[in-house]
Amino acid sequence: MSHADPPVADRLPGISLGRPFGVPLQLSTSWFLGAAIIAWVFAPLVERWLLIEAPWTLVVGASFAVLLGLSVLAHEMAHAVMAQHFGLRVRSMTIHLIGGVTSMDAETRRPWVDFTIAVVGPLTSLLVGGVAWLGYLAAPDGTVFAFVTWQLMVANLIVGVLNLVPALPLDGGRLLRDVVWAASGREHVGTIVAGWTGRAFAAVVAFLAILPVLLGRPDVVWLAWGLLLAGFIWIEASRSLRYAAVSRAITHLSTSTLMRPSVFVPHDT
């Protein structure tokens, strides 16, 4: 995902990982929680696939979590490099619990530029998924490399497709916003459309998260991640709608409405 103003993730505590392409990179402390959950969830799958036992199942799961984090970084770096190509200053990249965020100083004010910056992220994820698939085809059956490349392929395909959903704050929401912006000539109209789509998508994700509970087959991990993702999408979509409201109000302001007559007073008053 890419943002033009500081997202919530930028304000979370984290670890500095340098400045790739001159952009400050931060690993949020929440990522470690996500990595631990991934290692724990994947441990039984690793045991069935590779016929190994703990603690090696956790080691393989943690290795997959690290590679998944690197693929998320590739997604965010694609946003950053493309933004720099168009002359924008990228403030930071942050990898956090449920993905990553690239933060830029200002909106491009050109829908086709913003569209290009947004679309390269999902395309990069799909490309990484394709490379992982080739690695899986070349790997011997029943090996750690085969397991990791297969899971990495599936994860990146999910990330790529999910980010193309036309709902803010996902990259697909920015694409929808830019298309409506270009067609209407008004940025705030595109933001409102994509923001409400984001809220609707958040409601769908929340419903899917609680569906197993309603069917009598509760899954704690599915429920927790689903509600976390739904909450994040709802909060950021609502934030975009507030931004659109402010942008719309600003467009109706003029200098004359803000000016007040000067009042002259004696210097000794």
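Summarised in this report is the structure supplied together with it. All figures in this text were calculated on a predicted structure; none of them were measured in a lab.

So, about the overall build of the chain. Counting its secondary structure elements, the chain contains 8 helices and 5 strands. Within the chain, buried positions represent 43% of all 269 residues. Considering only contacts in the chain between residues 6 or more positions apart, those separated by 24 or more positions represent 66%. Of the roughly 14,300 Å² of accessible surface on the chain, 72% is carried by carbon and sulfur atoms.

Bringing the pairing of strand 4 (residues 90-96) into the picture now. Of all 7 residues making up strand 4, 6 are buried, and the element is well covered by its neighbours. Here strand 3 (residues 25-28) runs beside strand 4; their pairing, made up of 3 bridges, is parallel. Looking at strand 4, one finds that L27 is bridged to I95. Bridge count for strand 4 against strand 5 (residues 99-104) is 6 bridges, and the pairing is antiparallel. Bridge pairing in strand 5 places T94 opposite V101. Where strand 4 folds back onto strand 5 in an antiparallel hairpin, the turn is made up of 2 residues.

Counting 31 residues, the largest nonpolar core has F64, I95 and F147 as its most contacted members. Of all the elements in the fold, those that place two or more residues in this core are strand 3, helix 1 (30-50), helix 2 (56-85), strand 4, helix 3 (111-138) and helix 4 (144-162). Residues in contact with F147, not counting those within four places in the same chain, are F42, L45, V46, W49, L50 and V60. Residues F201, V205, A230 and I233 belong to the second largest nonpolar core, which totals 8 residues.

The next thing to look at is helix 6 (residues 187-214). Taking 1.5 Å per residue, 28 residues should reach 40 Å; helix 6 reaches 40 Å between its end C-alpha atoms and fits that length. Just past helix 6, the residue G216 takes up positive phi, approximately 80°.

Our focus in this paragraph is the packing of helix 1 against helix 4. Between helix 1 and helix 4, the least distance of the axes is 10 Å, while the angle of their chain directions is 135°. Compared by their axis directions, helix 1 and helix 4 come out oblique. Like other packed secondary-structure pairs, helix 1 and helix 4 cross with a definite hand, here right-handed. For the pair helix 1 and helix 4, contact is made by F42, L45, V46, W49 and L50 and by V144, A146, F147, W150 and Q151, respectively. The class makeup of the residues in the contact of helix 1 with helix 4 is 9 nonpolar, 1 polar and no charged.

Right, let's get into a nonpolar patch on the surface. Together, V204, F207, L208, I210, V213, L214, W222 and L227 line one region of the surface with nonpolar side chains, adding up to about 730 Å² of accessible area. Put simply, the parts of the chain that give the nonpolar patch at least two residues each are helix 6 and helix 7 (220-251). Looking at the nonpolar patch element by element, the count peaks at 6 residues for helix 6.

Cut-off values and rules
All chains use their own residue numbering, which begins from 1 and follows the written sequence. A pLDDT threshold of at least 70 governs which residues receive local features in this predicted model, and a stricter bar of 80 or more applies before side-chain atom pairs are shown or counted, although totals over entire chains, interfaces and linings include all residues. In computing side-chain values, all of the structure's heavy atoms are included and hydrogens and water are not. What counts as a helix is a DSSP run of H or I of at least four residues, what counts as a strand is a run of E of at least two, and both are numbered from the N terminus. Only protein chains enter the accessibility calculation, which uses a 1.4 Å probe; a residue is then buried when its area is under 20% of its type maximum, exposed when over 50%, and partly exposed in between. When checking whether two residues touch, look at their non-hydrogen atoms; a contact exists if any pair is within 4.5 Å. To be clear on the numbers: accessible area is Shrake-Rupley with a 1.4 Å probe, and residue cover counts the displayed protein chains and nothing else. Being paired, for any two strands, means DSSP has found at least two bridges between them. Grouping buried Ala, Val, Leu, Ile, Met, Phe, Trp, Tyr and Cys residues that are joined through side-chain atoms within 4.5 Å yields what is termed a nonpolar core. Expected span of a helix, by definition, is 1.5 Å for each gap between consecutive residues, and there is one gap fewer than residues. Here, axes are lines fitted to C-alpha atoms. For helices the fit covers the stretch in contact, and angles between N-to-C directions go from 0 to 180 degrees. The cut-offs work like this: below 35 degrees is roughly parallel, past 145 is roughly antiparallel, 65 to 115 is roughly perpendicular, and the gaps in between are oblique. With the far helix as reference, a near helix turned anticlockwise by less than a right angle produces a left-handed crossing, and one turned clockwise produces a right-handed crossing. When residues are sorted by character, Ala, Val, Leu, Ile, Met, Phe, Trp, Tyr, Cys and Pro go into the nonpolar class, Asp, Glu, Lys and Arg into the charged class, and all the rest, Gly among them, into the polar class. The residues that make up patches have over 30% relative accessible area and no salt bridge, and they are joined within 9 Å when like-charged or within 5 Å when they are Val, Leu, Ile, Met, Phe, Trp or Tyr. Any Lys or Arg side-chain nitrogen found within 4 Å of a carboxyl oxygen on Asp or Glu counts as a salt bridge.

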